[in-house]
Amino acid sequence: MLPRVYPIVDSAAWVARLSRQGARLLQLRIKERAEDAVRAEIVAARACCNAAGVQLVVNDYWRLALATGCDFVHLGQGDLDAADIPALRRAGVRLGISTHDDNELARALALRPAYVALGPIYPTLLKVMPWRPQGLARIGEWKRRIGSLPLIAIGGLTPERLAGVFAAGADVAAVVTDIVQAADPEARVRQWLAVADSVDEPAGAVARGERA
């Protein structure tokens, strides 16, 4: 069973900061850096997570994940084209996959992932998306289709929206800017964790917000 809060960060330093506050599932997503620099970040993040009992997920860089002994990789649909899925399987690496529409979900399920991610649920500040916000109803549809497989909701999420996201069927809520762009990221991640822990049953309406 995966932890319910899934911060996504771009450095080993962020991994260390958030793991110290209680985050137990963290994705390292690095863009536009030299491969040697990415490798160094992965090695440092892995060491931190191993020491803290945290699950690290490496975004995109599946070759470096294999080379550095990481055991969980997240791939977008475009990344799947070049990924050596059999090699990841042989190494015992678990795989998470992004999905946005029916075709992408079918492709993901055919690869027997450890989780499926759906987004953006709400408008996001992170980047311009080619997809319209999925909304809560789509979460329920995806969950009915994937059954017991963990469903990750991502995009525009805030602590105020967690109750609605979980009630709709998401197992885990991923978060990027709402934590790392907060005035006090440590306090914000603690708030996320506390709210997620408090949501045991479907409840509550979802508050509005514009973070990702």
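Is there a simple way to explain helix α1 (residues 12-19) in this structure?
One turn of an α-helix holds 3.6 residues; hence residues three or four places apart share an orientation. Within α1, six of the eight residues are buried, leaving the element largely enclosed by the surrounding structure. Along α1, the residues classified as buried are A12, W14, V15, A16, L18 and S19. On its buried face, α1 sits against β1 (5-9), β2 (25-28), α2 (35-52), α9 (177-180) and α10 (185-198).

Explain the nonpolar core to me, please; I cannot follow it from the model alone.
Nonpolar side chains tend to gather and get buried jointly when the protein is soluble and globular. Ranked by internal contacts, the top residues of the largest apolar core, which has 58 residues, are V15, L18, L75, V116, I139, L157 and W192. Once residues within four sequence positions are removed from consideration, I139 is found in contact with L118, I121, L151, A153, V165, A168, G169 and A170.

I keep staring at the pairing of β1 and nothing clicks. Help me out?
On any regular strand, side chains alternate: one points to one face of the sheet, the next to the other face. Burial analysis of β1 places five of its five residues in the buried class, the great majority of the element. What you see with β1 is no split at all: V5, P7 and V9 on one side and Y6 and I8 on the other are buried throughout. Bridging between β1 and strand β8 (residues 172-175) involves three bridges; their strand directions are parallel. If you follow V5 over to β8, its bridge partner there is A173. Where β1 lies against β2, two bridges are found, and the strand directions are parallel. Paired with I8 across the strands is Q27, a residue of β2. The parallel pair β1 and β2, bridged by α1, forms a crossover whose chirality is right-handed.

How should I be thinking about the packing of aromatic side chains in this particular structure?
Any two aromatic rings considered together are summarised by their centre-to-centre distance and by the angle between their planes. One pass over the full model with this rule turns up two aromatic pairs. On the numbers, 5.9 Å between centres and 80° between planes, the contact of Y6 with Y115 is edge-to-face. In this pair, Y6 is assigned in strand β1 and Y115 in strand β6 (residues 115-118), connecting sequence segments 109 residues apart. There is no split in this pair, since Y6 and Y115 are both buried. Look at F72 and Y115: their rings are 5.7 Å apart centre to centre, the planes differ by 40°, and that puts the pair in the tilted class. Of this pair, F72 sits in strand β4 (residues 72-75) while Y115 sits in strand β6; the two residues are 43 residues apart in sequence, bridging distant segments of the chain. Look at F72 and you get buried, because its relative accessible area is 0%. Chaining the aromatic ring pairs together yields one cluster made of Y6, F72 and Y115.

For this particular structure, what's the right way to read the sheet that holds β2?
Within a beta sheet, neighbouring strands are joined by backbone hydrogen bonds and run either parallel or antiparallel to one another. Around the barrel, eight strands lie side by side as β1-β2-β3-β4-β5-β6-β7-β8; this closed barrel has parallel pairing. Here the average twist between neighbouring strands, direction ignored, is 25°. Relative to strand β7 (residues 151-153), β6 runs parallel, the two being bridged by three bridges. The residue of β7 that forms the bridge with V116 is L151. Its contacts with the sheet put helix α6 (residues 102-110) on β5 (94-99) and β6, and the angle it makes with β5 is roughly 170°.

Could you clarify how one ought to interpret the pattern of salt bridges in this entry?
Enumeration according to the criterion identifies nine salt bridges in this entry. Note that D171 and K143 form a salt bridge whose closest N and O atoms lie 2.7 Å from each other. In this pair, D171 is assigned in the loop between α8 (162-168) and β8 and K143 in helix α7 (residues 135-146), connecting sequence segments 28 residues apart. A salt bridge links D178 to R188, with the nearest nitrogen and oxygen atoms 2.8 Å apart.

What exactly am I supposed to notice about the confidence of the model for the chain here?
Should the pLDDT be low somewhere, the predicted coordinates at that spot are not to be read in detail. Across the chain, pLDDT averages 93, with 92% of residues at or above 70. Scored below 50 in pLDDT, residues 201-212 makes 35 contacts in the model with residues more than four places away or belonging to other chains.

Calculation rules
- Residues numbered from 1 in each chain as written.
- Predicted model: local features only at pLDDT ≥ 70, side-chain atom pairs only at ≥ 80, totals over all residues.
- Heavy atoms only, no water.
- Buried < 20%, exposed > 50% of the residue type's maximum accessible area, 1.4 Å probe, protein only.
- Helix = DSSP H or I, 4+ residues; strand = E, 2+ residues; numbered from the N terminus.
- Contact = heavy atoms within 4.5 Å.
- Core = buried A, V, L, I, M, F, W, Y, C linked by side-chain atoms within 4.5 Å.
- Pairing = 2+ DSSP bridges.
- Right-handed = clockwise from strand over helix to strand, strands pointing away.
- Phe/Tyr/Trp six-rings, centres within 6.5 Å; stacked < 30°, edge-to-face > 60°.
- Axes fitted to C-alpha atoms, helices over the stretch in contact; angles between N-to-C directions.
- Salt bridge = Lys/Arg side-chain N within 4 Å of Asp/Glu carboxyl O.
- pLDDT = per-residue confidence, 0-100.

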